[in-house]
Amino acid sequence: MRCIRAILVMLVAAATPAVGQIDSAIFEGMPARNIGPAGMSGRVAVVTAVESDLSTMYVGTATGGIWKSVDRGITWIPIFDDQPASSIGDIAVFQPVPDIVWAGTGEGNVRNSAGVGNGIYKSLDAGATWIHLGLEHSERIHRVVLHPSDPDIAYLAVMGPTWSDGEERGVYRTTDGGSTWERVLYVNERTGAADLVMDPTNPNKLFAALWEHRREPWFFTSGGPGSGLYVTHDGGDNWKRFGEEDGLPKGELGRMGLAMA
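Not measured: the values here are computed from a predicted model.

## Overview of the overall build of the chain
Turning to step 1, where the next piece is worked out: On a plain count of helices and strands, the chain comes out with one helix and 17 strands.
Turning to step 2, where the next piece is worked out: The buried share of the chain, reckoned over its 261 residues, is 46%.
Turning to step 3, where the next piece is worked out: In the chain, of all internal contacts separated by at least 6 residues, the share reaching a separation of at least 24 is 46%.
Turning to step 4, where the next piece is worked out: For the chain, the exposed surface amounts to about 14,100 Å²; the carbon and sulfur share of it is 56%.

## Let's talk about the packing of aromatic side chains
Turning to step 1, where the next piece is worked out: Summed over all chains, the structure comprises five aromatic pairs.
Turning to step 2, where the next piece is worked out: For the ring pair Phe80 and Tyr121, a centre distance of 5.1 Å and an interplane angle of 80° mean the geometry is edge-to-face. Here Phe80, found in the loop between strand S4 (77–78) and strand S5 (88–93), pairs with Tyr121, found in strand S7 (residues 120–123); they are 41 residues apart in sequence, far enough to count as distant.
Turning to step 3, where the next piece is worked out: On the accessibility criterion, Phe80 (1% relative accessible area) is buried.
Turning to step 4, where the next piece is worked out: According to the relative accessible area criterion, Tyr121 is buried, its value standing at 1%.
Turning to step 5, where the next piece is worked out: Their ring planes at 80° and their centres at 5.2 Å tell us that Phe80 and Trp130 sit as a pair that is edge-to-face. Separated by 50 residues along the polypeptide, Phe80 in the loop between S4 and S5 and Trp130 in the loop between S7 and strand S8 (131–132) bring together distant segments of the chain.
Turning to step 6, where the next piece is worked out: By relative accessible area, Trp130 is classed as buried at 10%.

## Observations concerning the confidence of the model for the chain
Turning to step 1, where the next piece is worked out: Per-residue pLDDT for the chain averages 90, and the proportion of residues at 70 or more is 90%.
Turning to step 2, where the next piece is worked out: Residue range residues 6–16 is modelled with pLDDT below 50. Its contacts to residues more than four positions away, or to other chains, number zero contacts.

## Observations regarding the sheet that holds strand S3 (residues 66–69)
Turning to step 1, where the next piece is worked out: Strands sit in the order S1-S2-S3-S4 across an open sheet of four strands; the sheet is antiparallel. Unpaired on one side and paired on the other, strand S1 (44–50) and S4 mark the two borders of the sheet.
Turning to step 2, where the next piece is worked out: In this sheet, strand S2 (residues 53–61) lies alongside S1 in antiparallel orientation, the contact comprising six bridges. Within S2, the residue paired with Val47 across the bridge is Val59.

## Considering the sheet that holds strand S12 (residues 182–185)
Turning to step 1, where the next piece is worked out: Strand order in the open sheet made by the four strands is S9-S10-S11-S12, with antiparallel pairing throughout. Every other strand in the sheet has two partners, leaving strand S9 (141–146) and S12 as the edge strands with one partner each. Mean inter-strand twist for the sheet, computed between neighbouring axes without regard to direction, equals 30°.
Turning to step 2, where the next piece is worked out: Sheet topology places S9 next to strand S10 (residues 154–158); five bridges connect them, and they run antiparallel. The residue of S10 that forms the bridge with Val144 is Leu156.

## Quick word on unusual backbone geometry
Turning to step 1, where the next piece is worked out: Look at Ala126: it is not a glycine, yet its phi comes out positive at around 60°.
Turning to step 2, where the next piece is worked out: Note on placement: Ala126 falls in the loop between S7 and S8.
Turning to step 3, where the next piece is worked out: At Glu139, a residue that is not glycine, the phi angle is positive and equals roughly 65°.
Turning to step 4, where the next piece is worked out: Its place among the elements puts Glu139 in the loop between S8 and S9.

## Here's the deal with the pairing of strand S11 (residues 170–174)
Turning to step 1, where the next piece is worked out: Counting buried positions along S11 yields five of five residues, so the element is predominantly enclosed.
Turning to step 2, where the next piece is worked out: In this sheet, S11 lies alongside S10 in antiparallel orientation, the contact comprising five bridges. Bridging across to S11, Leu156 finds its partner in Tyr172.

## Here's the deal with the pattern of salt bridges
Turning to step 1, where the next piece is worked out: Within the structure shown, the criterion is met by eight salt bridges.
Turning to step 2, where the next piece is worked out: For Arg140, the salt bridge is made with Glu139, and the minimal N-O distance between the two is 3.4 Å.
Turning to step 3, where the next piece is worked out: Judged by its relative accessible area of 25%, Glu139 is partly exposed.
Turning to step 4, where the next piece is worked out: Asp195 is paired through a salt bridge with Arg143; the nearest N and O atoms lie 2.8 Å apart.

## Focus: the environment of Gly42
Turning to step 1, where the next piece is worked out: Mapped onto the elements, Gly42 comes out in the loop between helix H1 (2–15) and S1.
Turning to step 2, where the next piece is worked out: With relative accessibility at 72%, the residue Gly42 sits in the exposed group.
Turning to step 3, where the next piece is worked out: For the pair Gly42 and Gly64, spaced 22 residues apart in sequence, the C-alpha separation works out to 8.5 Å.

## Some remarks on the environment of Glu216
Turning to step 1, where the next piece is worked out: Along the chain, Glu216 falls in strand S14 (residues 202–216).
Turning to step 2, where the next piece is worked out: For Glu216, a relative accessible area of 29% gives the class partly exposed.
Turning to step 3, where the next piece is worked out: As a C-alpha pair, Glu216 and Thr105 span 111 residues in sequence and 22 Å in three-dimensional space.

How each quantity is defined
Residues numbered from 1 in each chain as written. Predicted model: local features only at pLDDT ≥ 70, side-chain atom pairs only at ≥ 80, totals over all residues. Heavy atoms only, no water. Helix = DSSP H or I, 4+ residues; strand = E, 2+ residues; numbered from the N terminus. Buried < 20%, exposed > 50% of the residue type's maximum accessible area, 1.4 Å probe, protein only. Contact = heavy atoms within 4.5 Å. Areas by Shrake-Rupley, 256 points an atom, 1.4 Å probe, with all protein chains shown as cover. Phe/Tyr/Trp six-rings, centres within 6.5 Å; stacked < 30°, edge-to-face > 60°. pLDDT = per-residue confidence, 0-100. Pairing = 2+ DSSP bridges. Axes fitted to C-alpha atoms, helices over the stretch in contact; angles between N-to-C directions. Salt bridge = Lys/Arg side-chain N within 4 Å of Asp/Glu carboxyl O.

Have a look at this one:
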């Protein structure tokens, strides 16, 4: 009897339409769209190494802090987790004394999910401990450029806020190891320093790429009258802006990346 009842139940179930079945044609006019989350993982902002010991490397990540390897990348340890910022823009090792390491916080790849930083940090013990040296409103420090022989001189390319105006932008210089900072190149509250390079044969000659930009919820403005390419021959005291007469394109410029052979 039980067997007959079980068979009847199975036959009824097979004859009943499955609950929730919907004709997919109803939704043909509604394409799928991504509604989140918007956070992106896995970006690496910077990789640098100790030139006298290539076993030692540092990696700065978009939102994961700083990682260090002392065995050529076989194993990694996080060395920035106890700091109040997790987004890294750049890392620079003072090669004559590699225990001196600088870290600029705030990723410089300004997509809508990019993290922000809270200024510049310095370590005197190869990343074991860190000292915060200011510029807490910079949000993004995309480049840290060190003098090749003087540990007290450093330059920062500060992009500043992406979603709002901000005065803490441009190129900054310290001559006392980071105790004080001087802004040596500034255009306006929407234009930050997107890149900075130093002539490897002349530490007083630097090129800076300034970039006017603004991100808003539904669009992104890249470029504007504040963008430009600059050079200094006296360590940042004076700057010259390149123009059409120097071979640059006519009109407003966008973001520029710099490198020197």
